[in-house]
There are 4 protein chains.
Amino acid sequence: MKRLSETKVQKNNKEHFTIIEEKSVIFGEGHFTVIAGPCALESEEIAIKTARAVEHIGAKVFRCSLFKPRTSPYTYQGYGIDGVKLLQLLHTETNLLLETEVLSTDHLDTLAYEADILRIGSRNMDNYELLKAVGKTNKPIILKRNMSATLEEFLLAAEYILSVGNDKVILCERGIRTFENYTRNTLDILAVPALKELTHLPVIVDPSHSTGKRSLVPAASKAALAAGADGLLIEVHPDPLRSYSDGQQSLDLLEFEKLMKELSEMANLLGKKSFSTVLS
Amino acid sequence: MKRLSETKVQKNNKEHFTIIEEKSVIFGEGHFTVIAGPCALESEEIAIKTARAVEHIGAKVFRCSLFKPRTSPYTYQGYGIDGVKLLQLLHTETNLLLETEVLSTDHLDTLAYEADILRIGSRNMDNYELLKAVGKTNKPIILKRNMSATLEEFLLAAEYILSVGNDKVILCERGIRTFENYTRNTLDILAVPALKELTHLPVIVDPSHSTGKRSLVPAASKAALAAGADGLLIEVHPDPLRSYSDGQQSLDLLEFEKLMKELSEMANLLGKKSFSTVLS
Amino acid sequence: MKRLSETKVQKNNKEHFTIIEEKSVIFGEGHFTVIAGPCALESEEIAIKTARAVEHIGAKVFRCSLFKPRTSPYTYQGYGIDGVKLLQLLHTETNLLLETEVLSTDHLDTLAYEADILRIGSRNMDNYELLKAVGKTNKPIILKRNMSATLEEFLLAAEYILSVGNDKVILCERGIRTFENYTRNTLDILAVPALKELTHLPVIVDPSHSTGKRSLVPAASKAALAAGADGLLIEVHPDPLRSYSDGQQSLDLLEFEKLMKELSEMANLLGKKSFSTVLS
Amino acid sequence: MKRLSETKVQKNNKEHFTIIEEKSVIFGEGHFTVIAGPCALESEEIAIKTARAVEHIGAKVFRCSLFKPRTSPYTYQGYGIDGVKLLQLLHTETNLLLETEVLSTDHLDTLAYEADILRIGSRNMDNYELLKAVGKTNKPIILKRNMSATLEEFLLAAEYILSVGNDKVILCERGIRTFENYTRNTLDILAVPALKELTHLPVIVDPSHSTGKRSLVPAASKAALAAGADGLLIEVHPDPLRSYSDGQQSLDLLEFEKLMKELSEMANLLGKKSFSTVLS
C-alpha cells in the first residue's frame, strides 16, 4: 500500500484564470454572471413563472433545486427526483441554463443528463465520494463552501473534483458560521479576493444564504461585485412569504429587477467584459 | 404535496434514558464504555496487535476504520472496502465488538453485516441520505457532531436516524471549530451535560480529535467522565509516530493503560454501574 | 439603591440619520469620508510626509495614533503622550483633521484639546469608564467594534457614550474573530447594512485591520463602499515594510492614490453627495 | 526611540510551578481552592449572609465585586466604590479572604488596600494600562481570559503584569465565544491542561460565566477539577432568582454545599495536597 505524500493544493495552482463557457454563458475573471431562482422547486406553475421572469430581467441561469437538504427531517424536503420532468419543461419553455443540486450519487446520472450546471451544497463540501463522482461528469460544478471550512479546506475539496478530471469548478462563498447572529451566517466577503489570489477558478457569492435576510441581499450582492466576484447565486421567488423554504431571504421580482439594474451599472464601471444581461 | 410543519426534535424528547446493549456491551446513563483503536486500519499485523492490547487493557469495543475521509485527495485514504476481511479476522482473534465508519450507502450492507457498531463521521452529520440509510439498519450508530453544528442541529441529525426506526443512536461530541488554534478543535465539554438535559440518548466524547494533541488526551478523557459522559471514542496506536494518520493525537499502549486505570477509579467514585474493564 | 430595568438600546433608536459635521468634514448617510494615515506615529519626518501626501491624494482626516496597544509588552508601544507636539505641528503644516486613539482617561483632556476626532479602539469597546469619559467631551468619537462583539453589544457600547450626552458617535466595523486564518480577522461586511437598519449613526469600515494583508485592502474598501459604508479608516504609510507596526497591512502612497480614484468613481455612481476628495 | 524586538512570552516560561500563598490560602499545582460569592454585592445583609454560609461550607475566598461592568448602561452597575465599607465589615465578620474586581486605575489604591485578591475581568484583559497598574501592587491578581483571546494572547496579557514585577498572577478560564448558543459561552476546558503545559502560573476556572446556566455549573466544576485546574471562581447566591445580575447562573447554598462535597472527594482521589475545606 503506497502512502501518498501530504501534498496540498495542486490543481488549484494559479497560472491563468479559468474561464468556463457553457452554451454561451461565461463564468470567470472579467465576467459577472447571475444565477437566480427559488430556494427549492415547489410547483410547475411557480417554476415556469419565476423562470420566465428572471430570464426577462436578465439572469442567464435558473436555480432549480429538486432536493432541499433540511436540518430537520420534519420540514419540506423538496420535490424529489420526479422533478426532472420540470427540468425538461423549463428547457422547453425558456433559454435559461438550469442549475441544480446533487445530493447523492444515486441521482447523479439523471441530473447530469437534464441539468446544465450541478451544485454541491455546503453540507456536502466534505462528501468526498460525491465530489469524486461529479468530478467524473463533464458539467460545470458549483462547489459551495462549508460554513466552517477554511479557504485551504475549500480548495482541497475542489481538488477532489479537479483531480479526477473535471476542471470546470466554480467556487461559491455562502457565509461562514460565527458568533454573530443578526445575520444567518457571516458573509466572508474577503474570501473572494483571497480565493482570486490562491486559485484560477471562478468565484461567485450566494448573497441569500449568507445573509438570511431579504433586506441585506442587495448590499451583499453589490459588495460581492465590488470585491471581485464573478457572479451570484441568488434566491428569487415571485411570492417569498409563501415559499416553502427560505422565504425570508428571497428577493421578489421587483427587488431582483432593481438589483440587477444597479449591478449592471456597477459592472460596467468596473470594466466587466460581460454582465448577465448583455450576453444574450 | 404535503407541507410538513416545522416540528422540531420529536424522537429525542426525554422521558427516560436510553440504554443500548449490544452483545453485553452497554452504552447509556450510569455506565462508562471505552472504544479504542487506531485512527484508520493500516495493516493486518498492526490491527491484530492493537486490538489484543486494548482488549487486554480493558476496552470492550475496537475502533477499526476502513475509510479515512481526508481533507486532501493526496493523503492516505484508508484501507478501503477490502478491509472487511480484517473485520472478520478481528472477530475471530478477539472478543471485541468492532466499530467502523460508514462513508457512503454503497458499502453500508457489507459493513453492517461485519461490524457491530457503525459510525457516522462529523463530516457526514449533515449527509441526510446516509443518516436515513443507517437508520434502516438495526445496528447501534455513533453519530459524531459536525464541528460547526449547534446542539439543536446535532439532535435533528439524530432525528433523521430515529425517525426511520433505529433508536440505537449514540451521540459523540468531538470538538467544535473556534478561533483557538492551540488545540485542533475546541472540546465543547458542556455539550455533555447539555445533551443529557435535552435527550435520552447516550453521549460519548472523542478526546483525540477534539484535542489533536496526545498530551491533552488524558485531561480531556477525565473531564468527559467528570462532566457526565457515558464513554469515550479514543485513538490508540502501538507506535503513534509511525501511524499513517493522526499519530500526534493517538495514545500509545502504556499511556492508554495508565489512563484506563485512572478512569476506572474515577468511574468508581462517581458511582458508575459499569466501567469497560469490569463488564467482562 | 434603584434597580434599573434591562432596557436595551435607546439612544440608537432610528428616526433619522445622524450627520456629523466637524470643520466641514462630514460623516453620515449619503457621504463617504476617508481617514488615512500610519498605524502609529513613528517620527516627525514620516508623520509630516505622510500627512501631506494623503492630504494631496484626497483624504480629509489623518490617522495619527500616539499610543499603540500591543498584545505583547515587549513590542513597540507607540510614541506616547509627548507626541501631542506632533499633533500641533500637523495642524500647522496641513489642513487635515486629526484623529487619534484614546487609551485611558489619564490623557483624555490633552488629546481632546489637540485632536479633532477621538478613537476608542476595539480592545476598549467594553471599557465603560473610558466610554463614559469620552461621552463627556464634545468631540466626534470613532468607536471600533470589539472583535467578538455582536451588533447589539456594539450598539450598547455606543449607548454608553450617547447616554451621557455626546451624540457624535461614528461606528467602525474592523473585522471579527473567526476560525478563518487566511485573513487577520473576518471583515463582517454585512454589519454595515445591518447597522444602517438598526441605528442612525454613521458607519465606517477599517479595511486594514480586518484583512491584515495589503493585497486585500482595495477589495475590502470597495466592498465597504458598495455595502453602504459612510467612510473608511485606512492605514497608509510611505514605506510600509519599514513601519514599526502593521506594515504588512498598510498601503503605500501609490496604492492609496489608485484606490482613492476608484472609490471616487464608485461613490459618484452610487450617488454619494460628497466624497473626501470633493469636499475641499 | 528604541524598537523592541517582537519577543513573545518571557516571564511565563515554565521551569517550575508557581505556588501563591496569601494568608494561608494556596493557589497552584497540587492544590484546589474555591472562591465563591455573588456576582455583585447588592446589600450588606445579603453579603454577610452569603459570606458566612460559603465560609461554613468550605470556601476560603469570598467573591465580592463592587462594580459590575454591564453590556448596557441601563442595567444595574454594581454597588460602587462606597462598597469598600462592606469589605471592611466582611473582614471583621469572617475569616474569608476577599476577592474583588478592579475596573479602573482610579479605585486601584483603595481596593488594593481593602481586598486580598484583585481581579481583572475578561473585558479588561486587553486594558494594558490597568494591567501595568495592578502589576505594581503586591496582591495576587486573578486575570480572566477575554472571550476571544487565544491562549498566547492570554499569556501575553499576564506578561504585562509579570513584566512590571508582580508574579502572583492566577489565570482564569471563563469561556470563549463561539457559534454555540445553548450555553452563554463555550467553556474551553482544554485551556486548563494547555496552560499547564505553557506556563508556571496557577489556572482556575469560572464555571458560572462559562455556562450561564445553573444546571450545568456542577458538571463544569467537576470537569475543571478533572482536567487539572487549581481552583474555581464560582457564583453563589442565597436566593439566585432575586439577585440583581446573573441569577440564572448562580448556585444556591444547598447546591453549592453538595458540589463542594463532591469536589472534595474527587480532589482527594486525584491526590490534591489541599482542598479549600481542609486548609483551615
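Our subject is the structure listed above.
Residues numbered from 1 in each chain as written. Chains lettered and ligands numbered in written order. Predicted model: local features only at pLDDT ≥ 70, side-chain atom pairs only at ≥ 80, totals over all residues. Heavy atoms only, no water.

**Remarks on the overall build of chain A**
To be explicit about the condition: Labels follow the DSSP assignment, with helices taken as runs of H or I lasting at least four residues and strands as runs of E lasting at least two, numbered in each case from the N terminus. In this setup the radius of gyration rests on C-alpha atoms only. A globule is expected at 2.2 Å times the number of residues raised to 0.38. Under the scheme applied here, a residue whose accessible area is under 20% of the maximum for its type counts as buried, over 50% as exposed, and between as partly exposed, the area being computed with a 1.4 Å probe on protein chains only. Residue contacts follow a heavy-atom distance rule, with two residues in contact if any of their heavy atoms lie within 4.5 Å. By the counting rule applied here, Lys and Arg register as positive and Asp and Glu as negative, while His and the ends of each chain are not counted. The location of each charge is read from NZ of Lys, CZ of Arg, CG of Asp or CD of Glu.
Secondary structure summary: chain A contains nine helices and eleven strands in total. Computed over its C-alpha atoms, the radius of gyration of chain A comes to 17 Å, within 12% of the 19 Å expected for a compact globule of 280 residues. Dimensions of chain A along its principal axes, counting C-alpha atoms only, are 55 × 45 × 40 Å. Taking all 280 residues of chain A together, the buried fraction comes to 67%. For chain A, long-range pairs separated by at least 24 residues make up 71% of all intrachain contacts whose partners lie at least 6 apart in sequence. Mean positive and mean negative side-chain charge positions of chain A (33 and 37 charges, respectively) differ by 2 Å.

**Here's the deal with helix α9 (residues 253-269) of chain C**
Residues and elements named next belong to chain C. So the rule is basically this: Here a helix's expected span is defined as the number of its residues, less one, multiplied by 1.5 Å. As used here, the arc belongs to the directions running from the helix axis to the C-beta atoms. Think of a polar contact as two N or O atoms within 3.5 Å of one another; within protein, one of them needs to be a possible hydrogen donor and the other a possible acceptor, and neighboring residues in sequence only count if both atoms come from side chains.
When the terminal C-alpha atoms of α9 are compared, their 25 Å separation across 17 residues agrees well with the 24 Å that a helix rising 1.5 Å per residue should span. Inspection of α9 places L253, F256, L259, M260, L263, M266 and A267 among the buried residues, and these make up the whole buried set. End-on, the buried residues of α9 take up no more than an arc of 140°, which puts them together on one face. Those residues of α9 that are exposed and aimed more than 90 degrees away from the buried face are L254, K258, K261 and N268. The N-terminus of α9 is capped by D252, whose side-chain oxygen sits 3.2 Å from the backbone nitrogen of L254.

**Remarks on the interface of chain C and chain D**
Where we set the bar: The term salt bridge refers to a side-chain nitrogen of Lys or Arg lying within 4 Å of a carboxyl oxygen of Asp or Glu.
Between chain C and chain D, the residue contacts involve 44 residues of the former and 44 residues of the latter. Our enumeration of links across chain C and chain D arrives at two salt bridges. We note a salt bridge from C:E153 to D:R177, for which the minimum N-O separation is 2.6 Å. Counting across the interface, chain C meets chain D through 15 residue pairs in polar contact (both at pLDDT 80 or more). Every element with two or more residues in the side of chain C that touches chain D is listed here: α4 (128-135) and α5 (151-162) of chain C.

**Focus on the packing of aromatic side chains**
Residues and elements named next belong to chain A. Keep this limit in mind: Stacked, edge-to-face and tilted labels apply to pairs of Phe, Tyr and Trp rings (six-membered ring for Trp) whose centres lie within 6.5 Å, assigned for plane angles under 30 degrees, over 60, and everything in between, in that order. For a lysine, the NZ atom is tested; for an arginine, the CZ atom; a charge sits over a ring if that atom is within 6 Å of the ring centre and within 35 degrees of the ring normal.
Scanning the entire structure with this criterion turns up eight aromatic pairs over all chains. When the centroid spacing of 5.9 Å and the interplanar angle of 5° are considered together, the rings of F32 and F275 count as stacked. One end of the pair, F32, is in strand β3 (residues 31-37); the other, F275, is in strand β11 (residues 274-275), with 243 residues separating them in the sequence. Judged by its relative accessible area of 0%, F32 is buried. For F275, a relative accessible area of 3% corresponds to the buried category. Between the NZ or CZ atom of K213 and the centre of the ring of Y182, over which it lies, the distance is 3.4 Å.

**Focus on the relation of the copies chain C and chain D**
As a reminder of what qualifies: When the copies are superposed, the least-squares fit takes in the C-alpha atoms of residues with a pLDDT of at least 70 in both.
Of the two same-sequence chains, chain C is brought onto chain D (RMSD 0.0 Å, axial shift 0.0 Å) by a rotation of 180°. Those values place the two copies in the arrangement expected of a two-fold rotation axis. Across chain C, the rotation axis passes nearest the C-alpha of C:S148, at a separation of 3.0 Å. An overlap of 100% is found between the interface residues of chain C and their copies at the interface of chain D, pointing to a shared contact surface.

**Some words on the interface of chain D and chain B**
Basically, it comes down to this: Buried area: the accessible area, evaluated with a 1.4 Å probe, that two parts lose upon being put together, summed over both parts. Three classes are used, and their members are as follows: Ala, Val, Leu, Ile, Met, Phe, Trp, Tyr, Cys and Pro are nonpolar, Asp, Glu, Lys and Arg are charged, and the others, Gly among them, are polar.
Contact with chain D, which involves 36 residues of that partner, is made by 36 residues of chain B. Both sides together, the interface formed by chain D and chain B hides about 2800 Å², and carbon and sulfur atoms give 74% of it. For the chain D face of the interface with chain B, the top three residues by lost area are D:F179, D:Y182 and D:L190, together amounting to 23%. Scanning the region where chain D abuts chain B turns up two salt bridges. Here B:E180 ties to D:R145 by a salt bridge, and the two come within 2.7 Å at their closest N and O atoms. Between chain D and chain B we count eight residue pairs in polar contact (both at pLDDT 80 or more) in total. Put simply, the parts of the chain that give the side of chain D that touches chain B at least two residues each are α6 (191-198), α7 (207-211), α8 (217-227) and α9 (253-269) of chain D. No other element matches the six residues that α8(D) contributes to the side of chain D that touches chain B. Residues of the side of chain D that touches chain B, tallied by class, amount to 21 nonpolar, eight polar and seven charged.

**Let's talk about the nonpolar core**
Worth spelling out the cut-off: Among buried residues, those of type Ala, Val, Leu, Ile, Met, Phe, Trp, Tyr and Cys that are joined through side-chain atoms within 4.5 Å constitute a nonpolar core.
Among the nonpolar cores identified, the biggest contains 156 residues, and A:L143, A:F256, C:L143 and C:F256 are the most heavily contacted of them. Apart from the residues lying within four places of it in its own chain, the contact partners of C:F256 are C:V34, C:A36, C:V54, C:I57, C:A59, C:I234, C:V236 and C:L251.

**Regarding empty space enclosed by the protein**
Going by this rule: Method remark: on a 1 Å grid restricted to protein atoms, a set of points is classed as a cavity if a 1.4 Å probe fits but cannot get out and as a pocket if it is open with protein on both sides within 12 Å along at least five of seven lines; lining residues have an atom within 4 Å of a point. Grid points are joined across faces, edges and corners, and a volume is the space filled by probe spheres set on the points.
Going through the model one piece at a time under the given rule, you end up with five cavities of 30 Å³ or more. If you go around the largest cavity, you meet 14 residues; those closest to its centre are C:S104, C:T105, D:S104, D:T105 and D:N127. Of all the elements in the fold, those that place two or more residues in the lining of the largest cavity are α4 of chain C together with α4 (128-135) of chain D. Residues of the lining of the largest cavity, tallied by class, amount to four nonpolar, six polar and four charged. Estimated volume of the second largest cavity: approximately 120 Å³. Lining the second largest cavity are 15 residues; nearest its centre among them are B:T178, C:R177, C:T178, D:R177 and D:T178.

**Comments concerning the pairing of strand β10 (residues 231-235) of chain D**
Residue and element names in this part refer to chain D. Where we set the bar: Paired strands, in this sense, are two strands between which DSSP finds at least two bridges.
Most of β10 is tucked away, with five of its five residues classed as buried. The side-chain alternation of β10 yields two buried faces, one formed by G231, L233 and E235 and the other by L232 and I234. Across five bridges, the pairing between strand β3 (residues 31-37) and β10 is parallel. In the strand pairing of β10, I35 is matched with L233.

**Some points on the packing of helix α8 (residues 217-227) of chain B against α8(D)**
Definition in use: To define axes, lines are fitted to C-alpha atoms, for helices over the stretch in contact only, and angles between the resulting N-to-C directions are given on a 0 to 180 degree scale. Roughly parallel here means an angle under 35 degrees, roughly antiparallel means over 145, roughly perpendicular means 65 to 115, and every remaining angle is called oblique. Definitions for this section: a left-handed crossing has its near helix turned counterclockwise from the far helix by less than a right angle. A right-handed crossing has that turn clockwise.
The N-to-C vectors of α8(B) and α8(D) enclose an angle of 150°; their axes lie 8 Å apart at closest approach. The orientation of α8(B) with respect to α8(D), classified from their angle, is roughly antiparallel. In this structure, the crossing between α8(B) and α8(D) has a hand that is right-handed. Between α8(B) and α8(D), the residues in contact are B:A219, B:K222, B:A223, B:A226 and B:A227 and D:A219, D:K222, D:A223, D:A226 and D:A227, respectively. Here the contact of α8(B) with α8(D) is composed, by residue class, of eight nonpolar, no polar and two charged.

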